Amino acid sequence: MSEMKTVETEIKAIVFQLIDEEYGVDVHQVRSIERLQEITRVPRTPAFVKGVINLRGVVTPVIDLRSRFDLPEAEHTDETRIIIVRANELEVGMIVDSANDVIDVPTNTIEPAPKVVGGIDAEYLDGVAKLENRLLILLNLDKVLNPEEIIALREFKEKGE
Amino acid sequence: MDMNQYLDVFVDESREHLQAIHENMVRLENDPAEISIVNEIFRSAHTLKGMSATMGFEDLANLTHQMENVLDAIRQDKIQVSDLTVDTLFESVDLLEEMVESIISGGDGKRDVEGIVKKLSSIEKGEEIPEQQGSASSNTLGDELDEFQKSILQQSVDQGLHPFTVDVQLEKTCMLKAARVYMIFDAIGQLAEVIHSSPPVGDLEEEKFEDRFTVTLISSQDPEEIKAKISSVSEVDSVKVNPLDLSTLDGTSENESEAAATVEAVKSAETSEDKSTTSEDKKTKATNNKTMRVNINRLDVLMNLFEELVIDRGRLESIAKDLNHHHLTETVEHMTRLTSDLQDALLTMRMVPIDQVFNRFPRMIRSLSKELGKKIDLVITGGETELDRTVIDEIGDPLVHLLRNSVDHGIELPEKRRNAGKQEEGTIALTAYHSGNHIYIEIEDDGGGINREKVLQKAIENNILDEATAQMMDDHEIYQLLFASGFSTADTVSDISGRGVGLDVVKSKIESLGGTISVTSVPGKGSKFSIELPLTLSILSVMLIKAGAEIYAIPLSNIVESIIIPKSAVMKAHHMPVIDFRGKVVPLVSLKDTLGVEATEEDKENHSIVVVRKGDSMTALIVDDFIGQQEVVLKPLGDYLKNVFAISGATILGDGKVSLILDCNDLIK
């Protein structure tokens, strides 16, 4: 009985790193994890849009998640990964520092995100999960990948010019 | 039952049938006496009726049913094909199309069909030609009876039985007509044998009649007795029992010997059978065309796979070039040939004849010309020309607009034409043909042509240009003004054109399909709009260029020329760099600056320039290098990056890298 309950109340999350924090996205939203590959820049897009890649024949946009959250960008390393996620019917690659873990997160460990966590606006987060000795920040991809925001940012930028 | 899985099939098939009805209606209009066409239409309407009834689209079923009745009446010679009939049938087809479209877009396909159903049913009853009805009825009966029924009648007369026709009129308020019919037939059955009924028994059972029907029967009884028996059924208004004179059936005179009559009957039976078999043959040939229906999505999947193959081919080509290995090069070359054949084959699979679009136009022109009091003959040629499905779906609207334009502005009123020494009937020629990798569609009218002065005047009025420039323009340039936005030459805004959507919309639509449009005109003789379209949208020819370290693709259809000019040839106009390109002043744009490409330190003496055009305006783009021409597969950037400035899509090059395709429309000011 208790076992049943735990099965139902867990989510599987892909864990990745940005700076020194651990983040998680629901495994159902993740298509694949790719090594860094050549990115073609797309002119006149917001700075966090790094461009497009050839993902097995499909042209897929890639954003830098650090820059998406206004965190300082970093040099890419061997560890750098592109997590291909799908949300809002969009398929987008997110550049993260590294990604190497899949864990089960019991939903009862998830708490609403505090107003500011590592500089990321709470609206981009689904919550924070406290596991034994780690803290996992769960992303709300629908918000992170909201295309409206791209347009808003672009307009802002164009007005500024 | 889950109907959704059948919906696709239903939609496909009903589209097909509607298409067929439409085509045949056009044929029928030109050849109203041809019964085989009526049969074709009947068949389509019948299938459509069955399908929609099964799917539960009642309005569709009702309307097709009534159409069927009218068509059947035509087949049986009860009514003639008149203008009204054709108009009403066309109207019905329009409504049917509307309903099917509604179903496609997820609606319930419900429409108010009552009015048109009434109209059809009054046509069916021949109310437009009432005097024919009475006298023709006995002849009609003769036609309705088949040879078998006739011979039964003949035999029963020989056996001393009497044939009768019984006319039953039910009360107008009769509620359960089918039940009433059943009771009447039951009553008759006790006294006589029913040979034939009009409408047929099936229709009677389904209440597919107004309130009156006729039965042919044989009986040993007295007519009065039959009448009494039927009258005893309630809600029967009146019953007329008339003895049937068999000799009137075939129209053969009485003094001819019976033997001759039978022979005659057999003969005609044979011939009619012959006829039916030949038409049957034709039909099987037509439908047995060894085709199969494939979902367009599956073709798209195939196309995507093929696109990957093209990309890999490009990769192999460059590897083979680098390695310079004899066998490898040979194999790659062979593969290149194979894939280009495969590409052709794939493309042809996606091709559909433009007839699909053209078909609706005769009808449209017909009603437009009526509306405007003009006489117009629409001549369509090249309807069999095939175009990619993606283009077919998009090209309809612009063509409608151009044709309306020709009818409204092009062709003059009959009187004016007569005064100008022309035939009263104007001609609009709609032509499609193939050439190379392009399709050409032309719309030519023999009307008054474009009034140069009027166009100029309007253009100046609308602040599209000033007088000084106007004086310098040649005819061609002036005609191009028609495509400027906000332009309309119509003095008065008519219902047909000038609704605020001008030819500029047509133009941008065609350009979005990668095509071009131009117009030529001879005053007093007419004008001609020519459209050039690529065969397909998914594979396009581009020129690859370098801007800094980045590679971009420019569609060849946008490129006027690529040239190299010395830097000293750059001039300034209003502080903007321009060049003199074949006598024209063309603005010069640095692609690197516009796209924000990181500058590379190069100081060459010359500029590599690609001159691109959007309609008639041109821009010279400074690039760093020409790489070459190539066929690429157009890939969307995806919804996340919608409406990126100056980028219309992407493609994957031979080395696997993504390269962006420039949208020159954004780059031209």
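This report concerns the structure included in the present document.

Within chain A one finds four helices and 13 strands. For chain A, buried positions account for 47% of its 161 residues. Across chain A, contacts joining residues at least 24 apart in sequence account for 56% of those joining residues at least 6 apart. Surface accessibility of chain A: about 8700 Å² in total, with carbon and sulfur atoms responsible for 49%.

What follows is about helix α16 (residues 389–410) of chain B. Spanning 22 residues, α16 of chain B covers 30 Å between terminal C-alpha atoms, matching the ideal 32 Å at 1.5 Å per step. Bending of α16 of chain B peaks at approximately 35 degrees at the position of Ile 395 of chain B, with proline Pro 398 of chain B no more than four residues after it.

Our next topic: the sheet that holds strand β4 (residues 49–55) of chain A. Residue and element names in this part refer to chain A. Pairing within the open sheet is mixed, and its five strands lie in the order β3-β6-β7-β5-β4. Here the strands that pair on one side only, and so sit at the sheet edges, are β3 (30–35) and β4. Across the sheet, the mean angle separating the axes of adjacent strands is 30 degrees when strand polarity is ignored. Bridging between strand β5 (residues 58–64) and strand β7 (residues 90–96) involves three bridges; their strand directions are parallel. Considered in β7, the bridge of Ile 63 is made with Met 94.

It is worth spelling out the pattern of salt bridges at this point. All names here are of chain B. Under the criterion given, the structure shown has 30 salt bridges over all chains. Between Glu 40 and Arg 43 there is a salt bridge, with the nearest N and O atoms lying 3.6 Å from each other. With Glu 40 and Arg 43 both in helix α2 (residues 35–55), this residue pair falls three residues apart, about one helical turn. Overall, Arg 43 belongs to the partly exposed group, its relative accessible area being 27%. Close ionic contact of Asp 72 with Arg 75 constitutes a salt bridge, the shortest N to O distance being 3.0 Å. Placement of the pair is Asp 72 and Arg 75 together in helix α3 (residues 58–75), with a separation of three residues, close to one helical turn. One continuous salt-bridge network, built from bridges that share partners, spans Glu 412, Arg 417, Lys 422 and Asp 446.

What follows concerns the interface of chain B and chain A. Frequently, the measure chosen for interface size is the accessible area removed from exposure when the parts meet. Listed by partner, the interface residues are 25 residues for chain B and 24 residues for chain A. A buried area of about 2000 Å², summed over both sides, lies between chain B and chain A, and 62% of it is on carbon and sulfur atoms. Across the contact surface, chain B and chain A share two salt bridges. Linking Arg 41 of chain A and Glu 550 of chain B is a salt bridge whose minimum nitrogen-to-oxygen distance equals 2.7 Å. There are five residue pairs in polar contact (both at pLDDT 80 or more) connecting chain B and chain A. When contributions to the side of chain B that touches chain A are tallied by element, the ones reaching two or more residues are α12 (296–323), β13 (550–555), α22 (591–595), β21 (647–652) and β22 (658–662) of chain B.

Definitions and cut-offs
Residues numbered from 1 in each chain as written. Chains lettered and ligands numbered in written order. Predicted model: local features only at pLDDT ≥ 70, side-chain atom pairs only at ≥ 80, totals over all residues. Heavy atoms only, no water. Helix = DSSP H or I, 4+ residues; strand = E, 2+ residues; numbered from the N terminus. Buried < 20%, exposed > 50% of the residue type's maximum accessible area, 1.4 Å probe, protein only. Contact = heavy atoms within 4.5 Å. Areas by Shrake-Rupley, 256 points an atom, 1.4 Å probe, with all protein chains shown as cover. Expected span 1.5 Å × (residues − 1). Bend = angle between axes of the 7 residues up to and from the residue. Pairing = 2+ DSSP bridges. Axes fitted to C-alpha atoms, helices over the stretch in contact; angles between N-to-C directions. Salt bridge = Lys/Arg side-chain N within 4 Å of Asp/Glu carboxyl O. Buried area = accessible area lost by both parts, 1.4 Å probe. Polar contact = N/O pair within 3.5 Å; in protein donor to acceptor, adjacent residues only side chain to side chain.

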